[in-house]
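Chain by chain, the residues:
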Amino acid sequence: MHRDPIEASKAANLKIAMVSSNVRTLEHLRELLTGWDGSLHLTAVPGGVEQIGRIAEQEHPDLVLVEGVRHDGDELAALERVTPRFPSMAVIMLSPNQSAEFLRHGMRIGLREILPLPIAREALLEALGRIQQRLAVAAAPKRKGKILSFIGCKGGSGATFLAANLAYALAELEKKQVALIDLNCQFGDASWYLSERVPTATLADIARQIHRLDGAFLASSMIRVLPNLGVLPAPEEPDQALHIRPEQVEALLWVAASHYDVVIVDCARSLDEITVRAMDQAETIFPVLQLTLPFVRDAKRLIRALAALGYGRDKVKLLVNRHEKGAAITVEEVAQALRYEVYRTIPNSFNAVAASVNQGVPIVKLAGRDPVAKALREMAAALAATNQGGGWLRSLLPAR
Ligand SMILES: Nc1ncnc2c1ncn2[C@@H]1O[C@H](COP(=O)(O)OP(=O)(O)OP(=O)(O)O)[C@@H](O)[C@H]1O
Ligand SMILES: [Mg+2]
């Protein structure tokens, strides 16, 4: 039987931690909350915002209701050190300071609301209703999409070119809803492979506002290359990336995968925490290499590192790019040296790829007959075929 998610979530226990240095406030909150018609699990914690990190880690509440003490920017700054680490936990502050500046600052750091003191019963219960709704929506739709991560074994392998062009092929030819996300925090360039448009927002902007992110917000922040293909570019300046945190990227990918059929991620080669979180969530990781010794050496290291991170052979699929018949090293030799199967090869085609890259026009659009376009079409078709139900894994069997 189908149940309304909001009704269903009312039956579930809403876990609330009430935090205040004033015992009377804690008692008063408990009284007011007895008016709620759902089931609540309440804990009262004496103290202020400094308690929230510990409570979040130990008790995992859905909501923290905290009474401010100083009601100023410093108090919000203290909260900001905690809230981004727990994006699924809502925090409502109680404060007599209702100035526009204080409220704006509160939203920026991830507070759901700042309710005035003394507490009005109606306002509190309405706020609780909004939290409940958010939880219900977050819990209701399971992620529909797959995350595919691309990573170069070495600089210049073609990882970004392949990620961007595969995203385009899946959207244009396979009619998938596709998001391309550039996680190269330093000098990311994925958006330029598909569009010359200057972005309105980047990964850094989304990370900063992660607590507001939903499907509509994400869609409106991306460059719209096609009606069903959005691109979220990397920050334009490396220093803007300094504040991007792994948990924000994790939340972004979660939202993206809830709203798109395929989320293609262009990963940095640094294997830092952001990259690893993105890879954790990926269905498949595609390391990209070419058929020369330096690539093979670095591929070996990368494969070893990915195995150490716990990603199995069903998840890590090697792509050989710029493949040429008669090359000094063959695909078979590479597979043997790496003791790893090659999933697919993409041919070398200097002129067509250079034209596509220079013009910012996807290769399947610019040079549909080129062998690279053909290989990308085939890969997109294979991935899409299995995405429609049945074994997604089947598409990942090596193509001969
Ligand atoms: N199949 C191909 N045939 C010919 N040239 C290619 C092919 N794939 C990529 N290239 C060329 O290689 C260049 C580098 O590609 P790309 O930027 O995608 O590499 P990358 O692995 O993302 O590099 P980085 O490490 O800088 O992020 C591109 O500008 C493109 O011209
Ligand atoms: Mg790149």
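This structure is a prediction, so every number in the text was calculated from the model and none was measured. (Residues numbered from 1 in each chain as written. Chains lettered and ligands numbered in written order. Predicted model: local features only at pLDDT ≥ 70, side-chain atom pairs only at ≥ 80, totals over all residues. Heavy atoms only, no water.)

## Quick look at the packing of aromatic side chains
- Tallied over the full model, the rule gives two aromatic pairs.
- With a centroid separation of 5.0 Å and 40° between ring planes, the pair formed by Phe150 and Phe286 is classed as tilted. Here Phe150 is found in strand 6 (residues 146-152), whereas its partner Phe286 is found in strand 11 (residues 284-289), with 136 residues between them in sequence.
- With a relative accessible area of 0%, Phe150 lands in the buried category.
- Chaining the aromatic ring pairs together yields one cluster made of Phe150, Phe286 and Tyr343. (Phe/Tyr/Trp six-rings, centres within 6.5 Å; stacked < 30°, edge-to-face > 60°. Helix = DSSP H or I, 4+ residues; strand = E, 2+ residues; numbered from the N terminus. Buried < 20%, exposed > 50% of the residue type's maximum accessible area, 1.4 Å probe, protein only.)

## Observations concerning helix 13 (residues 331-338)
- By the burial criterion, the buried members of helix 13 are Val331, Val334 and Leu338. All buried residues of helix 13 project into a common sector of 60° when viewed along the axis, lining one side. Among the exposed residues of helix 13, those pointing more than 90 degrees away from its buried face are Glu332 and Gln336.
- Contacts made by the buried residues of helix 13 are with strand 11, helix 12 (293-308), strand 12 (318-323) and strand 13 (342-347).
- Two residues or fewer after helix 13 comes Arg339, characterised by a positive phi angle close to 50°. (Arc of directions from axis to C-beta. Contact = heavy atoms within 4.5 Å.)

## Regarding the sheet that holds strand 7 (residues 178-182)
- Taking strand neighbours across the sheet as the criterion, the eight strands line up as 8-9-7-10-6-11-12-13 in an open arrangement whose pairing is mixed. Either end of the sheet is taken by a strand with one partner, and the two such strands are strand 8 (223-226) and strand 13. Going across the sheet, the axis of each strand differs from the next one's by a mean of 25°, ignoring polarity. (Pairing = 2+ DSSP bridges. Axes fitted to C-alpha atoms, helices over the stretch in contact; angles between N-to-C directions.)

## Side note on the sheet that holds strand 5 (residues 113-115)
- Within the open sheet, the five strands sit side by side as 2-1-3-4-5. Their pairing is parallel. The outermost strands of the open sheet, each flanked by one partner alone, are strand 2 (40-46) and strand 5. Between one strand axis and the next, the sheet turns by 20° as a mean value, whatever way the strands run.
- Relative to strand 4 (residues 90-94), strand 3 (residues 63-67) is paired through five bridges, and the arrangement is parallel. By the bridge assignment, Leu63 is partnered in strand 4 with Ala90.
- Running over the sheet, helix 5 (residues 100-108) touches strand 4 and strand 5 and is turned about 140° from strand 5.

## Section: the site of ligand 1
- Of all residues adjacent to ligand 1, which total 18 residues, the nearest are Ser157, Thr160, Phe161, Tyr193 and Asn321.
- The contact in question runs from an oxygen atom of ligand 1 to an N or O atom on the backbone of Ala159, over 3.0 Å.
- At a separation of 2.9 Å, a nitrogen atom of ligand 1 approaches a polar side-chain atom of Asn321.
- For the shell around ligand 1, the secondary-structure elements that each account for two or more residues are helix 7 (159-172), strand 12 and helix 14 (350-359). (Near = heavy atom within 4 Å. Polar contact = N/O pair within 3.5 Å; in protein donor to acceptor, adjacent residues only side chain to side chain.)

## Considerations on helix 12
- In this model helix 12 runs 23 Å from its N-terminal to its C-terminal C-alpha over 16 residues, within 8% of the 22 Å that 1.5 Å per residue would give.
- For helix 12, the complete set of buried residues consists of Phe295, Val296, Asp298, Ala299, Leu302, Ile303 and Leu306. What you see down the axis of helix 12 is that its buried residues fit within an arc of 165°, all on one side. For helix 12, exposure combined with an orientation more than 90 degrees from the buried face picks out Arg301, Arg304 and Ala308.
- Where helix 12 is buried, its residues contact strand 6, helix 11 (273-281), strand 11, strand 12 and helix 13. (Expected span 1.5 Å × (residues − 1).)

## Regarding the pairing of strand 9 (residues 229-232)
- Side chains Leu229 and Val231 of strand 9 all project onto a buried face; the interleaved residues Gly230 and Leu232 project onto the opposite face, where all are buried too.
- With three bridges connecting them, strand 8 and strand 9 associate as antiparallel partners. Bridged to Ile223 within strand 9 is Val231.
- Between the antiparallel neighbours strand 8 and strand 9 lie two residues.

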